[in-house]
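# Structure assessment
If you want the building blocks of each chain, they are given just below.
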Amino acid sequence: MKSSTTNRMNVFATTGLAVLLLAGPATATGQSRSSFGLEAGLRHDSNIGLATDGDDEIDDYTARLAATIQYPMLRVGGSEVLLSGGVHYDHVSDVSDISNYGASASVRFRGRFGSDRLAPWFSLYADITGLKYSDSEIRDGYKWGVTATLGKPLHEKFAISGGYRFRQRKSTDDSPGQPNVPAFANASEVFDLDQWGLFAQVQFAPAESTRLYGEYSYFSGDVVSTGRTVSNGGQFAQAADQAFGAGFMAWKIDADINLFELGVSHNFSTNLNVDIAAEYLDADGESGNDYDNLALVGKGVYRF
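Below is a summary of the structure that appears in this document. Please read all numbers here as calculations on a predicted model, not as lab measurements. Each chain has its residues counted from 1, running along the sequence as written. Per-residue local features are limited, in this predicted model, to residues with pLDDT of at least 70; the limit for side-chain atom pairs, both in listing and counting, is 80 or more; totals at the level of whole chains, interfaces and linings are taken over all residues. The basis for the side-chain values is all heavy atoms of the structure; hydrogens and waters are excluded.

### Points about the overall build of the chain
- Only DSSP runs of H or I with at least four residues qualify as helices, and only runs of E with at least two residues qualify as strands; both kinds are numbered from the N terminus onward. Per the secondary structure count, the chain includes one helix and 13 strands.
- Put simply, the chain runs from its N terminus to its C terminus through helices and strands in the order α-β-β-β-β-β-β-β-β-β-β-β-β-β.
- Accessible area is worked out with a 1.4 Å probe on protein chains only. A residue is then buried under 20% of its type maximum, exposed over 50%, and partly exposed in between. Among the 304 residues that make up the chain, the fraction classed as buried is 43%.
- When checking whether two residues touch, look at their non-hydrogen atoms; a contact exists if any pair is within 4.5 Å. The contacts in the chain between residues at least 6 apart in sequence include a share of 62% that link residues at least 24 apart.
- Working definition of accessibility: Shrake-Rupley area with a 1.4 Å probe, residue cover restricted to the visible protein chains. Carbon and sulfur atoms provide 57% of the accessible area of the chain, an area that totals close to 15500 Å².

Structure follows, in structure tokens:
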């Protein structure tokens, strides 16, 4: 197994990248203003391990604390480049070994096709996050992704958007502590994941401070399912998942994923935003390994 020092270096390196990005030049249009945010949230998953067998499903709560800083590096007309960096800590209540902390950095470019308030817009977004888990070294690593979005306000209160996402996750634990048997020969690959996807979103603002939204996403690619059994398990990269307990395994499975989200976001002041959402995930996995998960998510963000 890689030492804890090596794992921490991955997180610190990401933090360093965020700091360097946020120290960038001032905007082309004059004085820039960074913003700092604190986030607190709570999430409940009905199937946190994404088990394919109902008897292996574990529901659990995850509490999140996070801090972010945003820096508008460039603003010209209707275009903007926004740099962000942050740190987080996620505490998982029952399966506490998968509690984790990390650091992230991102860059977003957004532009508009015209100067009208209802002009269509586009966005390009890239992010990277380093992750260190409480007691599940096989999950330690980093993830990154890119997103391209097109959007159009149809009315001052109604807008639509959609786009493409690519996401990749890499484990930095190249020699996981696994039983020395042939079935676990590819254990280090279980959390090396690639996914691509498409999404569409609608937004409705019934009041100036309130936004209702719904999103549908389709993803295809690698997923990890943790349970005590899957169909045709011998054909998948697998690892003993000690974080979930004796007899639990993590399998890397190819799947098609449908994700539905409904939420409401409300600004209680110019500084405080609260967001509440429900997410339903339905996955059609290889060899009949299907699963679902219902998540309820609430978070508050205070910006300075």
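### With respect to the pairing of strand β9 (residues 210-227)
- Along β9, 14 of the 18 residues are buried, which leaves the element largely enclosed by surrounding structure.
- In this scheme, strands are said to pair when DSSP sees at least two bridges between them. Relative to β9, strand β8 (residues 193-207) runs antiparallel, the two sharing 11 bridges. Of the residues in β9, the one forming a bridge with Q201 is E215.
- Linking β8 back to β9 in an antiparallel pair, the connection comprises two residues.
- Strand direction decides the pairing type here: β9 and strand β11 (residues 249-267), joined by 18 bridges, are antiparallel. Note that in β11 the partner of R211 across the bridge is S265.

### A closer look at the environment of L38
- Within the secondary structure, L38 is located in strand β1 (residues 35-45).
- For the pair L38 and R303, spaced 265 residues apart in the sequence, the C-alpha separation amounts to 6.5 Å.
- Residues contacting L38, with those up to four places away along its chain left out, are A66, A67, G300, V301, Y302 and F304.

### Overview of the packing of aromatic side chains
- Note on aromatic pairs: the rings of Phe, Tyr and Trp (six-membered ring only in Trp) are paired at centre separations within 6.5 Å, and the planes decide the class, stacked below 30 degrees, edge-to-face beyond 60, tilted for the rest. Taken as a whole and assessed by the stated rule, the structure comprises eight aromatic pairs.
- With centroids separated by 5.2 Å and ring planes inclined at 45°, the aromatic side chains of F113 and F122 adopt a geometry described as tilted.
- Look at F122 and you get partly exposed, because its relative accessible area is 22%.
- The structure contains a cluster of three or more aromatic residues connected by ring pairs, namely F36, Y302 and F304.
- Definition used: whenever NZ (Lys) or CZ (Arg) falls within 6 Å of the ring centre and also within 35 degrees of the ring normal, the charge is taken to sit over that ring. Above the plane of the ring of F199 lies R165, whose end atom (NZ or CZ) is 4.0 Å from the centre.

### A look at the nonpolar core
- Definition of nonpolar core: a set of buried residues of the types Ala, Val, Leu, Ile, Met, Phe, Trp, Tyr and Cys, connected through side-chain atoms within 4.5 Å. Core analysis: the biggest nonpolar cluster contains 25 residues, and V190 and I257 have the highest contact counts within it.
- When residues of this core are traced back to their parent elements, those giving at least two are β9, β10 (238-240), β11 and β12 (272-285).
- At seven residues, β11 tops the list of elements feeding residues into this core.
- Those residues in contact with V190 that lie beyond four places of it in its chain are V224, A237, Q238, A239, A250, W251 and K252.
- Ranked by size, the runner-up nonpolar core spans nine residues in total, among them I48, V92, L131 and Y133.

### With respect to the environment of G130
- Along the polypeptide, G130 turns up in strand β5 (residues 121-133).
- Relative accessible area serves as the criterion here: at 1%, G130 is assigned to the buried category.
- Along the primary structure G130 and R169 are separated by 39 residues, whereas in three dimensions their C-alpha atoms are 9.9 Å apart.

### Notes on the environment of F199
- Looking at the secondary structure, you find F199 in strand β8.
- Sequence spacing of F199 and N258 is 59 residues, and the spatial spacing of their C-alpha atoms is 9.8 Å.
- In this view, F199 contacts T147, A148, T149, S161, G162, G163, Y164, R165, E215, Y216 and S217; residues no more than four positions away in its chain are not counted.

### With respect to the pattern of salt bridges
- Any carboxyl oxygen of Asp or Glu within 4 Å of a side-chain nitrogen of Lys or Arg constitutes a salt bridge here. Tallied over the entire structure, the rule returns nine salt bridges.
- For R75, the salt bridge goes to E80, with nearest N and O atoms at 2.7 Å.
- Among the residues examined, R75 registers a relative accessible area of 41% and is labelled partly exposed.
- Judged by relative accessible area, E80 falls into the partly exposed class, the value being 24%.
- Through salt bridges with shared partners, a single network forms among R43, D45 and E279.

The analysis is restricted to geometry; functional conclusions fall outside its scope.
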